[in-house]
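Descriptive analysis of the structure
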Amino acid sequence: MRLLSWNIQWCRGIDGRVDPARIVRVAKELADFDVACFQEVAMNFAPLAGSSGEDQVALLRERLPGYQVFFGYGVDVPDDSGGRRRFGNVLVSRLPVRRVMRHSLPWPADPDKPSMPRIAIEAVIEAPFGPLRVTTTHLEYYSELQRAAQVERLRELHAEACIRVAATPSVRYPSGPFAPLGSATSAIVTGDLNLPPQDPMYARMQAPFEGGVPRLLDAWSLANPGTAHPPSFRLHGREHGDAPYCCDFVFVSEDLGPRVRAVRIDGETQASDHQPVVVEFA
């Protein structure tokens, strides 16, 4: 199984051009992916630089036949014509998908810091090696307080899902919204965490859990032990600062560690201000 995670900056490249078709083309050239996680996807957001207000979710879906496309948005505001502007993350899969969930992440007040509502979108996917929870997210850039709260919630969501799998309900419904569609303890959490590997919250993501819940581990470090993360941000553009660093990660549950065959961060493409991460699982 191949997974790609990429902050696509509303499909805006270093050249300033918004081009969803280019994003899909580059992603396919990088990997024949089974699952893709895209952060910073916009719908009807003309005020964003380079955008004409295009529905990027529809354009991605149109260019990805054979894949299911799921959108989770934290920002949902009116536009000038009475419609809605939405901004969030997209999860794409050509493998069968069971339950899909959209989780609001904490947004504690942090005066004088620009911020926006954030979400995580989760899907239970039928991987070749069994059911797998895939979650993608994009944490707050400006507020350390909010990022820390969001990391804690991601950990809580993983623990809750694992405990739910272990629990056997006393009453079962064969159909309807109460019907059990299954989950999994095996998990992948991907996205732009907006923090470097030396940040304490990077270590916190990988901290042990109580009650036998499997840890989340950085796939890059599993596949490339002792090797520093290549930069995934500010590599080609300097709009947000001069020093390149890695802030885009793929974490896997401990049981998936032996299946991580290769992880690479593509440093060539300039189709976004972030670089894509590709993980191959055995």
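Each remark here, short or long, concerns the structure printed above.
In this report, we go over the structure that sits alongside the text. Everything quoted here is computed from the prediction, not taken from an experiment.

Structural notes on the packing of aromatic side chains
Centre distance and the angle of the planes are the two values used to describe a pair of aromatic rings. Within the structure shown, the criterion is met by 11 aromatic pairs. Seen from their ring centres, Phe71 and Tyr73 are 5.2 Å apart, and the 45° between their planes marks the pair as tilted. Under the relative-accessibility criterion, Phe71 is labelled buried at 9%. Residue Tyr73 is classed as partly exposed on the basis of its relative accessible area, which comes to 33%. Centroid distance Phe249 to Phe251: 5.8 Å. Interplanar angle 40°. Geometry classified as tilted. Taking relative accessible area as the criterion, Phe249 reaches 2% and is therefore assigned buried. According to the relative accessible area criterion, Phe251 is buried, its value standing at 0%. Directly above the ring of Phe209 sits Arg155, whose terminal nitrogen or CZ lies 4.1 Å from the centroid.

Quick word on the sheet that holds strand β10 (residues 248–253)
Here 6 strands make up an open sheet; going across it, the order is β5-β6-β7-β8-β10-β9 and the pairing mixed. Edge positions in the sheet fall to β5 (97–104) and β9 (216–218), since each of these pairs with one other strand and no more. Within the sheet, the average angular offset between the axes of one strand and its neighbour, ignoring direction, is 20°. Summarising the sheet, strand β7 (residues 130–138) and strand β8 (residues 187–192) pair through 6 bridges and their orientation is parallel. Looking across to β8, one finds that Val134 is bridged to Ile188.

Here we look at helix α3 (residues 144–166)
In this model, α3 (23 residues) spans 34 Å end to end at C-alpha, consistent with the 33 Å of a helix rising 1.5 Å per residue. Here α3 has its buried residues at Gln146, Arg147, Gln150, Val151, Leu154, Arg155, Leu157, His158, Ala159, Ala161 and Cys162.

Thoughts on the pairing of strand β3 (residues 68–78)
Sheet analysis places β3 next to strand β4 (residues 84–93), joined by 10 bridges and oriented antiparallel. Within the sheet, the bridge partner assigned to Val77 lies in β4 and is Arg85.

Some remarks on helix α1 (residues 20–30)
Where α1 is concerned, the buried positions are Pro20, Arg22, Ile23, Val24, Val26, Ala27 and Leu30. On the buried face of α1, the contacting elements are β1 (2–7), β2 (35–43), α2 (56–62) and β11 (260–265). Structurally, the start of α1 carries an N-cap: the backbone nitrogen of Ala21 is 3.2 Å from a side-chain oxygen of Asp19.

Quick word on the pattern of salt bridges
Considering all chains together, one arrives at 17 salt bridges under this definition. A salt bridge links Lys113 to Asp110; the nearest nitrogen and oxygen atoms lie 3.8 Å apart. On the basis of relative accessible area, Asp110 is assigned to the buried category, the value being 18%. A salt bridge links Arg261 to Glu280, with the nearest nitrogen and oxygen atoms 3.3 Å apart. In this pair, Arg261 sits in strand β11 while Glu280 sits in strand β12 (residues 277–281), placing the two residues 19 residues apart along the sequence. Residue classification places Arg261 among the exposed residues on the basis of a relative accessible area of 54%. Judged by its relative accessible area of 18%, Glu280 falls in the buried class. Look at the salt bridges and you will find they share partners, linking Asp15, Arg17, Asp19 and Arg22 into a network.

Each value, and the rule that gives it
- Residues numbered from 1 in each chain as written.
- Predicted model: local features only at pLDDT ≥ 70, side-chain atom pairs only at ≥ 80, totals over all residues.
- Heavy atoms only, no water.
- Phe/Tyr/Trp six-rings, centres within 6.5 Å; stacked < 30°, edge-to-face > 60°.
- Buried < 20%, exposed > 50% of the residue type's maximum accessible area, 1.4 Å probe, protein only.
- Lys NZ or Arg CZ within 6 Å of the ring centre and 35° of its normal.
- Pairing = 2+ DSSP bridges.
- Helix = DSSP H or I, 4+ residues; strand = E, 2+ residues; numbered from the N terminus.
- Axes fitted to C-alpha atoms, helices over the stretch in contact; angles between N-to-C directions.
- Expected span 1.5 Å × (residues − 1).
- Contact = heavy atoms within 4.5 Å.
- Polar contact = N/O pair within 3.5 Å; in protein donor to acceptor, adjacent residues only side chain to side chain.
- Salt bridge = Lys/Arg side-chain N within 4 Å of Asp/Glu carboxyl O.

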